[in-house]
Amino acid sequence: MVCLGRICPDMLINGPIDANPYSIRLNSDGRTDAVAAISAQPPESFSASLLRSLLLRSLLQSDTFDESCESGEMENENETNTEPVEAEVNPWEVSGKIDYDKLIDKFGCQRLDQSLIDRVHRLTSRPPHVFLRRGVFFAHRDLNEILDAYERGDKFYLYTGRGPSSEALHLGHLVPFMFTKYLQDAFKVPLVIQLTDDEKCMWKNLSVEESQRLARENAKDIIACGFDITRTFIFSDFDYVGGAFYKNMVKVSKCVTYNKVVGIFGFTGEDHIGKVSFPPVQAVPSFPSSFPHLFSGKENLRCLIPCAIDQDPYFRMTRDVAPRIGYHKPALIESSFFPALQGDTGKMSASDPNSAIYVTDTPKEIKDKINKYAFTGGQDTKEKQRLYGANLEVDIPVKYLSFFLDDDDELEYIKQEYGSGRMLTFDVKKRLIDLLTELVERHKRARATVTEEMVDAFMAARPLPSMFS
Ligand code: TRP
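Going by an unreviewed UniProt entry, the protein carries the name Tryptophan--tRNA ligase, cytoplasmic and comes from Trapa incisa. Quoted verbatim from the Subcellular location (unreviewed entry) field of UniProt, the annotation for the protein is "Cytoplasm".

The next subject is the packing of helix α18 (residues 363-373) against helix α22 (residues 425-448). Two numbers describe how α18 lies on α22: the axes approach to 9 Å, and their chain directions differ by 145 degrees. Regarding α18 and α22, the two cross each other, and that crossing is right-handed. In this structure, α18 contributes Pro363, Ile366, Lys367, Ile370 and Asn371 to the contact, and α22 contributes Lys429, Leu432, Ile433, Leu436, Thr437, Val440, Glu441 and Lys444. When grouped by side-chain class, the residues that make up the contact of α18 with α22 number 7 nonpolar, 2 polar and 4 charged.

Moving on: the environment of Phe177. Relative to the elements of secondary structure, Phe177 occurs in helix α8 (residues 171-187). Distance in space between the C-alpha atoms of Phe177 and Cys307 is 8.9 Å, their sequence separation being 130 residues. Here Phe177 is in contact with Thr160, Gly161, Arg162, Ile193, Ile222, Cys225 and Phe227, once residues within four sequence places are set aside.

Relative to the elements of secondary structure, Val398 occurs in helix α20 (residues 396-404). In this structure Val398 comes out as buried when scored by relative accessible area, which is 4%. The spacing of Val398 and Thr376 is 22 residues in sequence and 8.6 Å in space, taken between C-alpha atoms. In this view, Val398 contacts Leu392, Lys415, Tyr418 and Val428; residues no more than four positions away in its chain are not counted.

About the criteria used
Residues numbered from 1 in each chain as written. Predicted model: local features only at pLDDT ≥ 70, side-chain atom pairs only at ≥ 80, totals over all residues. Heavy atoms only, no water. UniProt positions renumbered as here; feature names shortened; annotations may be inferred. Axes fitted to C-alpha atoms, helices over the stretch in contact; angles between N-to-C directions. Helix = DSSP H or I, 4+ residues; strand = E, 2+ residues; numbered from the N terminus. Left-handed = near helix turned anticlockwise from the far one by under 90°. Contact = heavy atoms within 4.5 Å. Nonpolar A, V, L, I, M, F, W, Y, C, P; charged D, E, K, R; others polar. Buried < 20%, exposed > 50% of the residue type's maximum accessible area, 1.4 Å probe, protein only.

Next comes the structure, spelled out in structure tokens:
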């Protein structure tokens, strides 16, 4: 094989070699294997898509692109596994009935067990957050290492984010931020929050300007969760990417082959290259050197990422690359999804307003949605309910209460009474309506106090001198 020519997208349809920036290997007769394979077909069988798929398959199978990094072990070999699974969980789609144990196996992360929760309790001297006690955050990667280091007196920083794809947030969107706020307060550590306006612009067909506007609006809801401005930096990719952050993106990009992103994210030849190029943007906030105004001289700081488990593919890639470019792997603490009102088959959908409670809903909307749409495990009639009790496994009001009702004794009491039939669905829904109305009203009040100046202040690239105290 000699490296003779270049391949361009046009060639996928129009045939041989044209000028483009990527060199590919050619056979001694000057053709690529793919072109040779295509030419071997009878002319009448040519179609643009056949040509395309043949050429792409050949490109995927051969190792044609230069790789300046040694290929590291992926932490889990399964991502190219095409074995059918009922549920779909990836950064763009969460659907089906999710078996979280299976997901832990498939992704290769670890279960967050009671001993770790006890350890967090001990180290922070405060009761573990309700999301830890109830198993909402149920999986992790290397959380023990972060805690070991913390115990030795080494701090870490937190990194989380949001893709600003909609104006109004629903309760599921708040889960990672409520939890991150608890972690920030409990461990007294700095936090960076990435608003991936670029990601949503590319995936959701939003204009650049609209994505930026949504990022700023979402920042207000995030700030309303109570983050400490002396320890928190919020940034939009469109505004912040550049400098040291971009240098890290390039380092990461050089270590990830096209084959690998296809394996991890399932991109096809039809996906635009913006999608293929995005993962390094989400990867590099895991490295302190991406934020020189915060962490200059602290390049060894470890990073802990609270996120929903659908973001795991990004960080599998990040963890694979990190040691090859001389950085620590980020640790992760991962949550399950807040279920839709209609039942436990994925996360709430932004496209169906009746599947979710929004932080902008009025008390009447909350009441009506819960009464009308919340899937219940209770019986159809009072008599049957008294006789058989409710199936708590599928009951959405009980699920929602177990996310947001902090009082363990009260939750236990409700489960006992409702499960045995002494309590009716109506009463459980009533308790939930009161709880969520209070939560949403509190959020609205907090958001109303967030000014444009506060958003600017949180988003200013600035040092945070007392971020660890
Ligand atoms: N991709 C995420 C989303 O669509 C946003 C995001 C960026 C994120 N960085 C993150 C989420 C880190 C969790 C942790 O919402």
